[in-house]
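For reference, the chains in residue letters:
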Amino acid sequence: MRDALVAAAFRLFLERGYEQTTVDDIVALAGVGRRSFFRYFPSKEDVVFPDHERCLADMTAFLAASDEGHEPVLRVCDAARLVLGMYAENPSFSVQRYRLTKQVPGLRAYELSVVWRYERALAEYLRGRFAGRPDGSLRADVVAAAVVAAHNNALRSWLRSDGKGDASTTVDHALGYVQSAFGAPPAAPAPEHPAEDPEHPEDVVVVVSRRGAPLWRVVREIETTLGRE
């Protein structure tokens, strides 16, 4: 029934326009009563964003399952990718919603309130991870805002292309900026040669020879120095 209400609502929004469509119109087309509509959606605006509550709950659970081994900036970037997954599940619906939201100022305001809730969830997680830093609260708010801005910039770019191409590649590229600016630097590669054993240090031999001396004499001096003669 929930999906039927969403389908009916968007059919009417496209045919008549958002402002001209009422809840009564939606339930009539879906073949249910008003009570059924409000059981699933508190308002007409909510039927435009039917999956955000679920996604926000998934993001909150994902962050709550984190441990100290998770790099915090990478973790919130991965949390933002859950939102991308929601949009990518149904590209045609996501594109329709994007176009509708651009046309209706009230929906745009509603969408901004939803985005703010995502940002708040990210910031709350980061405040816990940065609690020991003098600038922990500031850093948490800045990183959360940067993650949301990068994600939304890439997401809108994908939506403007009518949902064509690989959305994850675009979002990964955008979130890479956040990770490089605020995340922990990558671990240094292991040295190609093992560290020197302090009990058996390698010998360093310096030989002083006259310019133009024949090579055999230089070699002889090295051997003498090493005690190999």
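Check the entry above for the structure.
What this report covers is the structure whose coordinates are included nearby. Predicted, not measured: the structure shown is a model, and the values here were computed from it.

**Observations concerning the pattern of salt bridges**
Item 1. Applying the stated criterion across every chain yields a total of 14 salt bridges.
Item 2. With a shortest N-O distance of 2.6 Å, R117 and E53 are connected by a salt bridge. Residue R117 is located in helix α8 (residues 105–129), and its partner E53 is located in helix α5 (residues 52–64); the two are separated by 64 residues in the primary sequence.
Item 3. The class for R117 is partly exposed, based on a relative accessible area of 30%.
Item 4. Note that R133 is salt-bridged to D135, the shortest N-O span being 3.3 Å.

**Concerning the nonpolar core**
Item 1. Counting 39 residues, the largest nonpolar core has M59, V76, Y118, L122, L126 and V147 as its most contacted members.
Item 2. Sorting the residues of this core by element identifies α5, α6 (72–89), α7 (91–103), α8, α9 (136–160) and α10 (167–182) as the ones contributing at least two each.
Item 3. Residue contributions to this core peak at 10 residues, all from α9.
Item 4. Each residue touching Y118, except ones within four places of it in the same chain, is listed here: H52, C55, L56, M59, V83 and M86.
Item 5. Among the nonpolar cores identified, the runner-up in size contains 20 residues, and V6, Y18, V27 and V47 belong to it.

**What to know about the packing of α7 against α9**
Any two packed helices are characterised by how steeply their axes cross, that is the angle between the axes, and by the distance between the axes.
Item 1. Closest axis-to-axis distance for the α7/α9 pair is 9 Å, and the angle between their directions is 100 degrees. Looking at the two axes, α7 sits roughly perpendicular to α9. From α7, P91, S94, V95 and Y98 reach across to α9, where they touch R156, W158, L159 and R160.
Item 2. Tallied by class, the residues present in the contact of α7 with α9 amount to 5 nonpolar, 1 polar and 2 charged.

**Quick notes on the side chain of K44**
Item 1. As for its placement among the helices and strands, K44 is situated in helix α4 (residues 44–48).
Item 2. At 2.9 Å, the side chain of K44 and the backbone oxygen of Y18 are in polar contact.
Item 3. In terms of polar contacts, K44 uses its side chain to reach the backbone carbonyl oxygen of T21, at 2.7 Å.
Item 4. Beyond its immediate stretch of four places on either side in the chain, K44 contacts F13, Y18, E19, T21, V23, I26 and F37.

**Focus: the environment of Y98**
Item 1. Within the secondary structure layout, Y98 lies in helix α7.
Item 2. For Y98, a relative accessible area of 14% corresponds to the buried category.
Item 3. Separated by 62 residues in the primary sequence, Y98 and R160 have C-alpha atoms spaced 8.4 Å apart.
Item 4. Leaving out residues up to four positions away in the same chain, Y98 has contacts with R156, L159 and R160.

**Some details on the packing of aromatic side chains**
Item 1. Summed over all chains, the structure comprises 7 aromatic pairs.
Item 2. Their ring planes at 85 degrees and their centres at 5.2 Å tell us that F37 and F38 sit as a pair that is edge-to-face.
Item 3. Seen in terms of ring centroids, Y40 and F41 are 6.5 Å apart; in terms of plane orientation they differ by 45 degrees. Their pairing is tilted.
Item 4. Looking at Y40, the relative accessible area reads 34%, which means it is partly exposed.
Item 5. Here F41 falls in the buried class, since its relative accessible area comes to 2%.

The rules behind the values
Residues numbered from 1 in each chain as written. Predicted model: local features only at pLDDT ≥ 70, side-chain atom pairs only at ≥ 80, totals over all residues. Heavy atoms only, no water. Salt bridge = Lys/Arg side-chain N within 4 Å of Asp/Glu carboxyl O. Helix = DSSP H or I, 4+ residues; strand = E, 2+ residues; numbered from the N terminus. Buried < 20%, exposed > 50% of the residue type's maximum accessible area, 1.4 Å probe, protein only. Core = buried A, V, L, I, M, F, W, Y, C linked by side-chain atoms within 4.5 Å. Contact = heavy atoms within 4.5 Å. Axes fitted to C-alpha atoms, helices over the stretch in contact; angles between N-to-C directions. Parallel < 35°, antiparallel > 145°, perpendicular 65-115°, else oblique. Nonpolar A, V, L, I, M, F, W, Y, C, P; charged D, E, K, R; others polar. Polar contact = N/O pair within 3.5 Å; in protein donor to acceptor, adjacent residues only side chain to side chain. Phe/Tyr/Trp six-rings, centres within 6.5 Å; stacked < 30°, edge-to-face > 60°.

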